[in-house]
Amino acid sequence: MKEFSANITKSILTGIQPSGVITLGNYIGAIKQMVRMQDEFKSYIFIADMHAITVPQDPTTLHENIRSLVALYIACGIDPDKNIIFIQSENEYHANISWLLECNTPFGELSRMTQFKDKSSKNANFYAGLFTYPILMAADILAYDVHYVPVGIDQKQHVELTRNIAIKFNKKYGDTFKIPDVYITKEGTKIMDLVNPLKKMSKSSENPKGVIRILDDINSIRKKIMGATTDSECIVRFDPEAKPGISNLINICVALTGKSISDIETMFEGKNYGEFKRFVADIVIEEISAIQARYQKIINSQELDKLLDENATITRAIAKKKFMLMKEKMGLYK
């Protein structure tokens, strides 16, 4: 059984959907925060592959993305000795707990979920899973009696639903679940699209030239940075409104070097944009090359299989215990 530090008393759970290769923006804005948090909390991190199939997926691509994402997060600094990293679909008790919760969740509560309203309005032929997946999310959380669920502000409603479900279940059947608190994560430095620096860098961007993916070819990364949109002033100065392109590149430098904005401005005083872009490209490539090297060692290793097998066993035992308690309280056969 994995042992967390005795000095760490609070726990968190984070789910990650396997939807494509993570970007430099994901790495700087989210993963580096997760790396810091792993020293503060007992951390459960799972690949939410069952959530991914609420919309159509190519089976081969999805299968590859699941394993790749685990390897990438570890390569980016998520320590498997400080986190229990597992794959959601390898633990059948998530779905079992979800069904028991579905039978105790009013239809009206689900119909008010804003993400369902938004996604279903764009596609009349949506599947039932798109409607019920917030309950699966509740099952993911409640199975482990975690203290906190780190989410962005757009996911807060789902954790509030989880709390409501747990409170009502406890009231109806007796003490069963720990009531988790929302842990609103302040997004790290927001990295913008290199071509259109007015919008956030996104995996789903229509123009691949604006997005740096962590597994991109190194030469491609350099070309993208050298071709990044700037302005005609030719002064390396941080001004997000007047100079969004240069300001974005400065943010990348700050995030990857630890230097301040003023440090970067001073370094490139009197120098042209070409010199600055070459510097940005060099530091990005240095960071990503190291991640890619670690990734290649991990992706096809037996150690990764062993880790996932061990963590599936650990989490299955925890979730089974919760499921059996729920069965007992609801009067189901044990």
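J.: Residue-level account of the packing of aromatic side chains, with values.
T.: For the structure shown, the criterion picks out 12 aromatic pairs. Note on phenylalanine 169 and tyrosine 173: the rings are 4.6 Å apart at their centroids and 45 degrees apart in plane angle, and the pair reads as tilted. In this pair, phenylalanine 169 and tyrosine 173 are both assigned in helix α8 (residues 156-173), 4 residues apart and thus about one turn of the helix distant. Given the relative accessible area of 2%, phenylalanine 169 is considered buried. On the basis of relative accessible area, tyrosine 173 is assigned to the partly exposed category, the value being 21%. One aromatic cluster in this structure is built from Tyr44, Phe46, Phe86 and Tyr144. For lysine 271, the ring lying beneath its charged end belongs to phenylalanine 268, and the centroid distance is 5.6 Å.

J.: Which residues make up the side chain of threonine 315, and what values go with them?
T.: Mapping threonine 315 onto the fold places it in helix α13 (residues 302-330). Judged by its relative accessible area of 0%, threonine 315 falls in the buried class. Those residues in contact with threonine 315, other than ones at most four positions away along the chain, are Ile84, Phe86, Asn91 and Tyr144.

J.: Tell me what's going on with the pattern of salt bridges, and back it up with residues and numbers.
T.: Applying the stated criterion across every chain, the model contains 13 salt bridges. Between glutamate 233 and lysine 243 there is a salt bridge, and its shortest N-O distance comes to 2.8 Å. On the criterion of sequence distance, the pair formed by glutamate 233 in the loop between α9 (218-226) and α10 (244-257) and lysine 243 in the loop between α9 and α10 is long-range, its members being 10 residues apart. Classification of glutamate 233 as partly exposed rests on a relative accessible area of 35%. Exposure remark for lysine 243: the relative accessible area of 2% places this residue in the buried category. A single salt-bridge network, built from bridges that share partners, covers Asp231, Glu233, Arg237, Asp239 and Lys243.

J.: Explain the nonpolar core residue by residue, including any values.
T.: One finds Leu24, Tyr27, Phe276 and Val284 to be the most contacted residues of the largest nonpolar core, which totals 57 residues. Broken down by secondary-structure element, the contributors of at least two residues to this core are α1 (24-37), β2 (42-47), α3 (59-75), β3 (83-87), α9, α10, α12 (273-299) and α13. Per-element tally for this core: the top contributor is α12, with 13 residues. Those residues within four positions of valine 284 in sequence are excluded, and the remaining contacts are Leu24, Ile212, Ile221, Ile225, Ile252 and Leu256.

J.: Could you give an account of the side chain of asparagine 248, with specific residues and numbers?
T.: Relative to the helices and strands, asparagine 248 is located in helix α10. Of note is the side chain of asparagine 248, whose polar atom sits 2.8 Å from the backbone nitrogen of methionine 192. Non-local contacts of asparagine 248, meaning those with residues more than four positions away in its chain, are made with Lys190, Ile191, Met192, Asp193 and Leu194.

J.: If you had to explain α10 to someone new, which residues and values would you point to?
T.: Under the 1.5 Å per step criterion, the end-to-end length of α10 is 20 Å for 14 residues, consistent within 8% with the ideal 20 Å. On its buried face, α10 sits against α1, α11 (261-267) and α12. Two residues or fewer past α10, glycine 258 is found with a positive phi of approximately 85 degrees.

J.: Summarise the pairing of β2; cite the residues concerned and give the values.
T.: Within β2, 5 of the 6 residues are buried, leaving the element largely enclosed by the surrounding structure. Looking at chain direction, strand β1 (residues 11-16) and β2 are connected through 6 bridges and run parallel. Paired with glycine 15 across the bridge in β2 is phenylalanine 46. The parallel pair β1 and β2 is bridged by α1, and the resulting crossover is right-handed. Inspection of the sheet shows β2 paired to β3 by 5 bridges, in the parallel sense. Bridge assignment links tyrosine 44 to a residue of β3, and that residue is isoleucine 84.

J.: Give me the lowdown on the environment of valine 211, citing residues and values where you can.
T.: Positionally, valine 211 belongs in the loop between β5 (181-184) and α9. In this structure, valine 211 is in contact with Thr23, Asp193, Met201, Ser202, Ser205, Asp216 and Lys224, ignoring residues within four places of it in sequence.

Definitions and cut-offs
All residue numbers refer to position in the chain's written sequence, counted from 1. Local features in this predicted model are restricted to residues whose pLDDT is 70 or higher, and side-chain atom pairs enter the listing and the counts only when it is 80 or higher, whereas totals over whole chains, interfaces and linings include all residues. Values shown for side chains rest on all heavy atoms present in the structure; no hydrogens or waters enter the calculation. Stacked, edge-to-face and tilted labels apply to pairs of Phe, Tyr and Trp rings (six-membered ring for Trp) whose centres lie within 6.5 Å, assigned for plane angles under 30 degrees, over 60, and everything in between, in that order. Under the DSSP-based scheme used, a helix requires at least four consecutive residues in state H or I and a strand at least two consecutive residues in state E, with every element numbered from the N terminus. The rule is simple: take the accessible area with a 1.4 Å probe, protein chains only, and divide by the maximum for that residue type; under 20% is buried, over 50% is exposed, in between is partly exposed. We call a charge positioned above a ring when the Lys NZ or Arg CZ atom is no farther than 6 Å from the ring centre and deviates by at most 35 degrees from the ring normal. Only heavy atoms matter for contacts: two residues are in contact if any of them lie within 4.5 Å across the pair. Between Lys or Arg on one side and Asp or Glu on the other, a salt bridge is scored when a side-chain nitrogen of the former is within 4 Å of a carboxyl oxygen of the latter. Here, the term nonpolar core denotes a set of buried Ala, Val, Leu, Ile, Met, Phe, Trp, Tyr and Cys residues that are joined through side-chain atoms within 4.5 Å. Any N or O atom pair separated by 3.5 Å or less is treated as a polar contact, with the protein-specific requirement of one donor-capable and one acceptor-capable atom, and with residues adjacent in sequence counted only for side-chain atom pairs. To estimate the expected span of a helix, count its residues, drop one, and scale the result by 1.5 Å. At least two DSSP bridges between two strands are required for those strands to pair. Note on handedness: a crossover is taken as right-handed if, strands pointing away from the viewer, the path from the first strand over the helix to the second is clockwise.

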